[in-house]
Amino acid sequence: AQSVAQPEDQVNVAEGNPLTVKCTYSVSGNPYLFWYVQYPNRGLQFLLKYITGDNLVKGSYGFEAEFNKSQTSFHLKKPSALVSDSALYFCAVRPPSGYSTLTFGKGTMLLVSP
Amino acid sequence: DAGVIQSPRHEVTEMGQEVTLRCKPISGHDYLFWYRQTMMRGLELLIYFNNNVPIDDSGMPEDRFSAKMPNASFSTLKIQPSEPRDSAVYFCASSFMAGSGETQYFGPGTRLLVL
């Protein structure tokens, strides 16, 4: 069975600084990996996904994530954080074969201070 | 497209009452998912449908929960009778199985409070 770990409950960063939200996964075969963001009192919004190809994936709002197969990681990054990036971020994984559901991590709260 | 639509957005009810949550998926999507989010348990998948047929309901907590999808544009999640521990945010999501890497799109959620 697949699993996702987001080791940090919260990440604090100052506006303008780079940010990283960590995600590691466990799945058989090559994974499909996703990042979602949840703003207060809102549903989850899709940010980006890795299916195959270039290990660096670019997504919405200037976010990007790097797939590292050897480290089984898919960390979310942004070069310069904005206060408006403050939200709850979820990493999710599913195996490539057949269809199965996404397995979500527990989420990481990102707080960007002015 | 309007995205996934859920109603009501907020629901306050008393223990023992029946609660019905509604979802309209994105047109053309053939998968529909119901999730529950709480502080303690995070995001949990309750049930999902493919082409209106329930595929996996192993996440449904108990018999008090039931879900239906009578057609491609409508689904309900019913709790009868409701209990305080059912208080949570319930999300509906839909996706199109285009071969690989399908993305789930979430609705705004229904915030349920059972007193």
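Calculation notes
- Residues numbered from 1 in each chain as written.
- Chains lettered and ligands numbered in written order.
- Predicted model: local features only at pLDDT ≥ 70, side-chain atom pairs only at ≥ 80, totals over all residues.
- Heavy atoms only, no water.
- Helix = DSSP H or I, 4+ residues; strand = E, 2+ residues; numbered from the N terminus.
- Rg over C-alpha atoms; globule rule 2.2 N^0.38 Å.
- Core = buried A, V, L, I, M, F, W, Y, C linked by side-chain atoms within 4.5 Å.
- Buried < 20%, exposed > 50% of the residue type's maximum accessible area, 1.4 Å probe, protein only.
- Contact = heavy atoms within 4.5 Å.
- Patch = residues over 30% accessible without salt bridge, like charges linked within 9 Å, V, L, I, M, F, W, Y side chains within 5 Å.
- Areas by Shrake-Rupley, 256 points an atom, 1.4 Å probe, with all protein chains shown as cover.
- Salt bridge = Lys/Arg side-chain N within 4 Å of Asp/Glu carboxyl O.
- Buried area = accessible area lost by both parts, 1.4 Å probe.
- Polar contact = N/O pair within 3.5 Å; in protein donor to acceptor, adjacent residues only side chain to side chain.
- Nonpolar A, V, L, I, M, F, W, Y, C, P; charged D, E, K, R; others polar.

Points about the overall build of chain B
Within chain B one finds 0 helices and 11 strands. Taken from N to C terminus, the helices and strands of chain B fall in the order β-β-β-β-β-β-β-β-β-β-β. Computed over the C-alpha atoms, the radius of gyration of chain B is 14 Å, within 12% of the 13 Å expected from 2.2 N^0.38 for a compact globule of 115 residues. Its C-alpha atoms give chain B principal-axis dimensions of roughly 45 × 30 × 30 Å.

Focus: the nonpolar core
Judged by nonpolar contacts, the single largest core of 28 residues is most densely connected at Trp35, Leu47, Leu48, Phe74, Leu76 and Tyr89 of chain A. Counting residues per element, the ones that place at least two in this core are strand S2 (10-14), strand S3 (19-21), strand S5 (32-38), strand S6 (44-50), strand S8 (64-68), strand S9 (73-78), strand S10 (87-94) and strand S12 (108-113) of chain A. Sort the elements by how many residues they give to this core and S10 of chain A lands first, with 4 residues. If we ignore the near neighbours within four places in the chain, the residues touching Leu47 of chain A are Trp35, Tyr36, Val37, Gly59, Ser60, Tyr61, Phe63, Leu76 and Tyr89 of chain A. Counting 21 residues, the second largest nonpolar core, distinct from the first, contains Cys23, Trp34, Met60 and Ala88 of chain B.

Quick look at a nonpolar patch on the surface
Among the surface-exposed residues, Val12, Leu113 and Leu115 of chain B lie close enough to one another that they form a single nonpolar patch of about 290 Å² accessible area. With respect to the helices, strands and loops of the structure, Leu115 of chain B is situated in the segment after strand S11 (110-114).

Points about the interface of chain A and chain B
Counting from both sides, the interface comprises 18 residues of chain A and, opposite them, 20 residues of chain B. Between chain A and chain B, a total of about 1,600 Å² is buried, with carbon and sulfur atoms accounting for 56% of that surface. Between the two partners, chain A and chain B, sit 0 salt bridges. The tally of links between chain A and chain B comes to 4 residue pairs in polar contact (both at pLDDT 80 or more). Secondary-structure elements contributing two or more residues to the side of chain A that touches chain B are S5, S6 and S10 of chain A. Sorting elements by how many residues they give to the side of chain A that touches chain B places S5 of chain A first, with 4 residues. Considering only residue class, the side of chain A that touches chain B consists of 11 nonpolar, 4 polar and 3 charged.

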